[in-house]
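So you can see what is in the structure, the chains are spelled out below.
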There are 2 protein chains.
Amino acid sequence: MPHGTVKSPTFMDLALREAVAAGERGEVPIGAVIVKGTTIVGAAGNRTREFNDPTAHAEILAIREACGNLKQERLDSCDLYVTLEPCTMCAAAISFARIRRLYFAADDPKGGAVVSGVRFYAGRTCHHVPDVYAGIGEAEAARLLRSFFAERRG
Amino acid sequence: MPHGTVKSPTFMDLALREAVAAGERGEVPIGAVIVKGTTIVGAAGNRTREFNDPTAHAEILAIREACGNLKQERLDSCDLYVTLEPCTMCAAAISFARIRRLYFAADDPKGGAVVSGVRFYAGRTCHHVPDVYAGIGEAEAARLLRSFFAERRG
């Protein structure tokens, strides 16, 4: 058997897996992973339907999980990977949690709040701004969302 | 004994009681109540410290409680009373929950997102706008917050 190059999944790959799993549960396919150093401290997909909870976005669930695991209210040295540009609620929650770096895949012109909409991190009422990195895994994240909504319309 | 006029508490009075209770637990004294008709379906004060959860604002906890009680993701015919202008996270959550009317007491120029800051409900990425009523119980709500922060500085 030839030696292959087995690429280990990136953190965004893992967020995409959470998104796929969310879609398989009938939720909008968005996933998030929170990392401290090289350790995953929170990972979630959307569960708004399952939980009957409009706040149960992937990022909020991952933040709550990470804070619970680390037993702290602030995630200063943690980075968050999410497959879609965070909405207004999640962008603010990410700031409140003092997340260090935010990596997101696809932009969301309709509901995003980082490079779209209220651009929360650029405003006066935002008191902690994460470093933002956009576009990693964008094609896959966008494809997932498109096929989910196409199927629902179909 | 003379007949007195016993005024029953308003829903904002009940939100203020939640705020007082939060302050007594060492949390920032903010409280929220969600009402459907004349029935309280959710009531909470801040618990960010107790829960080690930066998303555990009064409004978020009340929304989650109300959705849990009503077993639905949307609170279409429900009204929310909160003692401080909602922050960016909570303003968005209130919109996602399809809250009908939002009553808030004191403005929050530093962190609010309704009449302050990003003014979320006025933007293009807000897809449900509640009716907003500001100022009811303002003096009491502001006094609570001032004395809480004065004590902490003292």
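Residues numbered from 1 in each chain as written. Chains lettered and ligands numbered in written order. Predicted model: local features only at pLDDT ≥ 70, side-chain atom pairs only at ≥ 80, totals over all residues. Heavy atoms only, no water.

> What is the right way to look at the overall build of chain A in this model?
In terms of regular secondary structure, chain A is built from 4 helices and 5 strands. Overall, chain A shows an N-to-C arrangement of helices and strands of α-β-β-α-β-α-β-β-α. Taken over the C-alpha trace, chain A has a radius of gyration of 15 Å; the compact-globule value for 154 residues is 15 Å, and the two agree within 12%. The principal-axis extent of the C-alpha atoms belonging to chain A is close to 55 × 40 × 30 Å. Residues classed as buried in chain A amount to 49% of the 154 residues present. Of the roughly 7,400 Å² of accessible surface on chain A, a fraction of 52% belongs to carbon and sulfur atoms. On chain A, the mean spot of the 19 positive side-chain charges and the mean spot of the 18 negative ones are 2 Å from each other. (Helix = DSSP H or I, 4+ residues; strand = E, 2+ residues; numbered from the N terminus. Rg over C-alpha atoms; globule rule 2.2 N^0.38 Å. Buried < 20%, exposed > 50% of the residue type's maximum accessible area, 1.4 Å probe, protein only. Areas by Shrake-Rupley, 256 points an atom, 1.4 Å probe, with all protein chains shown as cover. Lys, Arg positive; Asp, Glu negative; His and termini not counted. Charge placed at Lys NZ, Arg CZ, Asp CG, Glu CD.)

> Teacher, can you tell me more about the relation of the copies chain A and chain B here?
For the match of chain A to chain B, the screw axis carries a shift of 0.0 Å, the RMSD comes to 0.0 Å, and the turn is 180 degrees. Within this description, the copies of the chain are treated as partners about a two-fold rotation axis. Rotation axis and chain A: the residue whose C-alpha lies nearest the axis is Met89(A), separated from it by 1.9 Å. Counting the interface residues of chain A, we find that 100% of their copies in chain B are interface residues as well, pointing to one common contact surface. (Least-squares fit on C-alpha atoms with pLDDT ≥ 70 in both. Contact = heavy atoms within 4.5 Å.)

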